[in-house]
Each structure stands twice: as C-alpha cells, then as structure tokens.
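Listed below, chain by chain, are the residues.
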Amino acid sequence: MSNAALIHHTINFVKQQLEGAEGGHDWFHIQRVYNNALHIAEGEECNLVVVQLGALLHDVADSKFYNGDETVGPRVAREFLESQGVGEETILHVVAIIENISFKGGNFEKKFSSIELDIVQDADRLDAIGAIGIARTFNYGGYKNRPMYDPAIAPATGMTKEEYKASTAPTINHFYEKLLLLKNRMNTETGRTIAEGRHRFMENFLSQFYAEWEGEL
C-alpha cells in the first residue's frame, strides 16, 4: 500500500471513529492538529508518515471519554495499523506518540523521545491555546456541566497526573492549570513562534473576561 493510500484510509477510519464526538475532540480537532503537524514538519528532519499517522491517531480514543483508560487509544491505533499492513517499527513509534503526547498535569515525564513526537505534541498543544483553545476549553466545560468561573476556587498548580485527571474545577482555572503553561513547553522553533501569538490572545481574553465579570467594561 502506498503512503498516500494509507493516510487516506487512516483519515476515513478516524472520521468514522469520532463521529458524534465532543466538539473539542472531534474530527475537526484532528484535522487542525494534522495541518499544524504538517506545517511544523516542514522545518524539521523527520519521518513524515509517522508524523501524519501520529497526528491522525493521537486522539482516536481519548482516555477522558473512556473512564480514564489510557490503554484504549494505543490499542485501537495498533489494531487499525496492523489491519493496514503497517510495519511493526512504525506501529511502535505511532503508539509511543499516542502514549506520551498528553499534558497530564504537566508533571508527566515522557518515556519516549523523537522529533516526530515533538512535532505532533506541538501541533496538539497549539490547538489547545489561542482562540480555538479558548473555544475548546469552554465547550468541554459545558459538556461536563462545569461552572465557567468561581472566584472562590483558586487554580491548582503542580497537580499530580491523577489529580489533574480527576479535577472538576471551573473552566477558567484550566487556563492556569494548563493552557498558559504550554507556550514554554513547546518543542520546536515553529511551535514556539506560533504559540507566542496564541498565548497573548489568551492573556487578552482573560483580562477582558475579568473586567466584564466585575462590570468594569
């Protein structure tokens, strides 16, 4: 099978898997991450097929929608790639990307390193910040029926992976617990450059949000 055919089949598979998914983790999220990854990859020496497959399959079964089970995504990805006759070396690499891409409270140490993981991780993190990141954050907060903001509940920084996954904090807190931290955690030069502008947009949004909340504007 040609690489083009493999990517085509993977896109169709992911679209099918994510039909009806929560709006911040649906096919359009995957498409944005995929496009981000292709853009970042232009400036890096990398295995482009691994980048493409990693970006397309990274959220094929996000653990937050499977009672926190982090084995589902890697398993689904492996089964699909095996069905397409993909070599074991590539499968292992893509699975490693899926297993190591998430933020998980910021205290999670990656057990695998590669430029392909760096690229896909940056691509995913870019979709978590800026205007799209804000929209996704509030969409998920609404999906979980969380308050937008509660001044009495302070953001919790330095959470463990388990605390982060179990958090039910207001949506605004998520900016301080994750989104505003991502700019300084980008892996590639391209990722860092794009993140700067998206980070400033979030800071401006928060200033406006608090001013409106207090009736100042």
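A brief structural summary. (Residues numbered from 1 in each chain as written. Predicted model: local features only at pLDDT ≥ 70, side-chain atom pairs only at ≥ 80, totals over all residues. Heavy atoms only, no water.)

## Regarding the overall build of the protein chain
1) Next: In terms of helices and strands, the protein chain carries 10 helices and 0 strands.
2) Next: Secondary structure elements in the protein chain, listed N-terminal to C-terminal, are α-α-α-α-α-α-α-α-α-α.
3) Next: Taken over C-alpha atoms, the radius of gyration comes to 18 Å for the protein chain, in line with the 17 Å a tight globule of 217 residues would show.
4) Next: With respect to the principal axes defined by its C-alpha atoms, the protein chain has extents near 60 × 35 × 30 Å.
5) Next: A buried classification covers 48% of the 217 residues belonging to the protein chain.
6) Next: Residue pairs in contact within the protein chain that sit at least 24 positions apart in sequence constitute 65% of those at least 6 positions apart.
7) Next: Per element, the accessible surface of the protein chain, about 11,000 Å² overall, is 48% carbon and sulfur.
8) Next: Of note, the protein chain has its 20 positive side-chain charges centred 2 Å away from the centre of its 31 negative side-chain charges. (Helix = DSSP H or I, 4+ residues; strand = E, 2+ residues; numbered from the N terminus. Rg over C-alpha atoms; globule rule 2.2 N^0.38 Å. Buried < 20%, exposed > 50% of the residue type's maximum accessible area, 1.4 Å probe, protein only. Contact = heavy atoms within 4.5 Å. Areas by Shrake-Rupley, 256 points an atom, 1.4 Å probe, with all protein chains shown as cover. Lys, Arg positive; Asp, Glu negative; His and termini not counted. Charge placed at Lys NZ, Arg CZ, Asp CG, Glu CD.)

## Section: the side chain of Arg125
1) Next: Within the fold, Arg125 resides in helix α6 (residues 115-126).
2) Next: Summary of buried charges: Arg125 has no salt-bridge partner, and the nearest side chain of opposite charge, Asp122, is 5.4 Å away.
3) Next: In contact with Arg125, other than residues within four places in its own chain, are Phe103, Leu182, Arg185 and Met186. (Salt bridge = Lys/Arg side-chain N within 4 Å of Asp/Glu carboxyl O.)

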